[in-house]
Amino acid sequence: LGAELLGEQLGECTGLSKGGRDVLDGVWRLRSASLLAADKAECALSVGRLLGVDWKLCLGTESNSCERLSVPFVSLLFTVSDAGGARRSVPVEMTLQEWDGFAKGVEEIASVMETV
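**Quick look at the confidence of the model for the chain**
Averaged over all residues, the pLDDT of the chain equals 80, while 80% of them reach at least 70. The element-level mean pLDDT for the chain is lowest in helix α3 (residues 41-45), coming to 56, with strand β3 (residues 87-95) highest at 92.

In structure tokens, the structure reads:
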């Protein structure tokens, strides 16, 4: 990937300013040869892959510090793979308020992805 093409694609696919694109372009010009020669570009530039999401709605009933909680929460288990293909599971628990914000964010991402 040439520096000129990188700058063009960043301009088309992101909201980066010309100054931001110029900085990334300059860094790519300086470091691309060493990254590509060492075959590290794929690992350095890859963000991995989301393989699956399992979720359940839970109700906390008690804890060490409180006998009666009755607090609902969402339990998520993300299965992801890194650039090398190694799989791992990432558990996350959210309150219902946090879940609402997360769900709205995912909907926004999905709508943006449809336009790309």
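**Concerning a nonpolar patch on the surface**
Together, Leu 50, Val 53, Trp 55, Leu 57 and Leu 96 make up an exposed nonpolar region whose accessible area comes to about 520 Å². In terms of residue count, the dominant contributor to the nonpolar patch is strand β1 (residues 49-60) (4 residues). With respect to the helices and strands, Val 53 occurs in strand β1.

**Looking at the sheet that holds β1**
The pairing of strands in a sheet comes from backbone hydrogen bonds and takes either a parallel or an antiparallel form. In space, the 3 strands of this open sheet follow the order β1-β2-β3, with antiparallel pairing throughout. Two strands close off the open sheet at either side, each with one partner strand: β1 and β3. Direction aside, the axes of adjacent strands within the sheet are offset by 20° on average. Examined bridge by bridge, strand β2 (residues 71-81) and β3 share 9 bridges and lie antiparallel to one another. Across the sheet, Leu 77 pairs through a bridge with Pro 91, a residue of β3.

**Thoughts on the nonpolar core**
Formed by Val 74, Leu 76, Phe 78, Val 80 and Met 94, the largest nonpolar core amounts to 5 residues. Those residues in contact with Val 80 that lie beyond four places of it in its chain are Arg 49, Leu 50, Leu 51, Ala 86, Arg 87, Arg 88 and Val 90.

**Section: the packing of aromatic side chains**
The full count for this structure, using the stated rule, is 3 aromatic pairs. Pairing Trp 55 with Trp 99 gives two aromatic rings, centres 6.4 Å apart and planes at 20°, and the pair type is stacked. On the criterion of sequence distance, the pair formed by Trp 55 in strand β1 and Trp 99 in helix α4 (residues 96-115) is long-range, its members being 44 residues apart. Arranged with centres 6.2 Å apart and planes meeting at 70°, the rings of Phe 78 and Phe 102 form a pair that is edge-to-face. With Phe 78 in strand β2 and Phe 102 in helix α4, this residue pair connects regions lying 24 residues apart in the sequence. Three or more aromatic residues joined by ring pairs make a cluster, and in this case those are Trp 55, Phe 78, Trp 99 and Phe 102.

About the cut-offs
Counting of residues starts from 1 at the beginning of each chain's written sequence and follows it residue by residue. Local features in this predicted model are restricted to residues of pLDDT 70 or higher, and side-chain atom pairs are both shown and tallied only at a pLDDT of 80 or more, whereas totals for entire chains, interfaces and linings draw on every residue. Side-chain descriptors were evaluated using all non-hydrogen atoms of the structure, hydrogens and water having been removed beforehand. What pLDDT expresses is the predictor's confidence in each residue, scored from 0 to 100. Elements are defined by DSSP. Helices are runs of H or I of four residues or more, strands are runs of E of two residues or more, and each kind is numbered from the N terminus. Within the patch definition used here, like charges are joined within 9 Å and nonpolar side chains (Val, Leu, Ile, Met, Phe, Trp, Tyr) within 5 Å, considering only residues with over 30% relative accessible area and no salt bridge. Only the protein chains shown count as covering a residue, and every accessible area follows the Shrake-Rupley method with a 1.4 Å probe. We define a salt bridge as a side-chain nitrogen of Lys or Arg found within 4 Å of a carboxyl oxygen belonging to Asp or Glu. At least two bridges found by DSSP between two strands are what make those strands a pair. Inter-axis angles, ranging from 0 to 180 degrees, are taken between N-to-C directions of lines fitted to C-alpha atoms, where helices are fitted over the stretch in contact. Here, the term nonpolar core denotes a set of buried Ala, Val, Leu, Ile, Met, Phe, Trp, Tyr and Cys residues that are joined through side-chain atoms within 4.5 Å. Each residue's exposure class comes from its accessible area (1.4 Å probe, protein chains only) as a fraction of the maximum for that residue type: buried when under 20%, exposed when over 50%, partly exposed otherwise. Note on contacts: a residue pair is in contact if any heavy atoms of the two residues lie within 4.5 Å. In this analysis, rings of Phe, Tyr and Trp, with Trp reduced to its six-membered ring, are considered paired at centre separations within 6.5 Å, and the interplanar angle assigns stacked below 30 degrees, edge-to-face beyond 60, and tilted for intermediate values.

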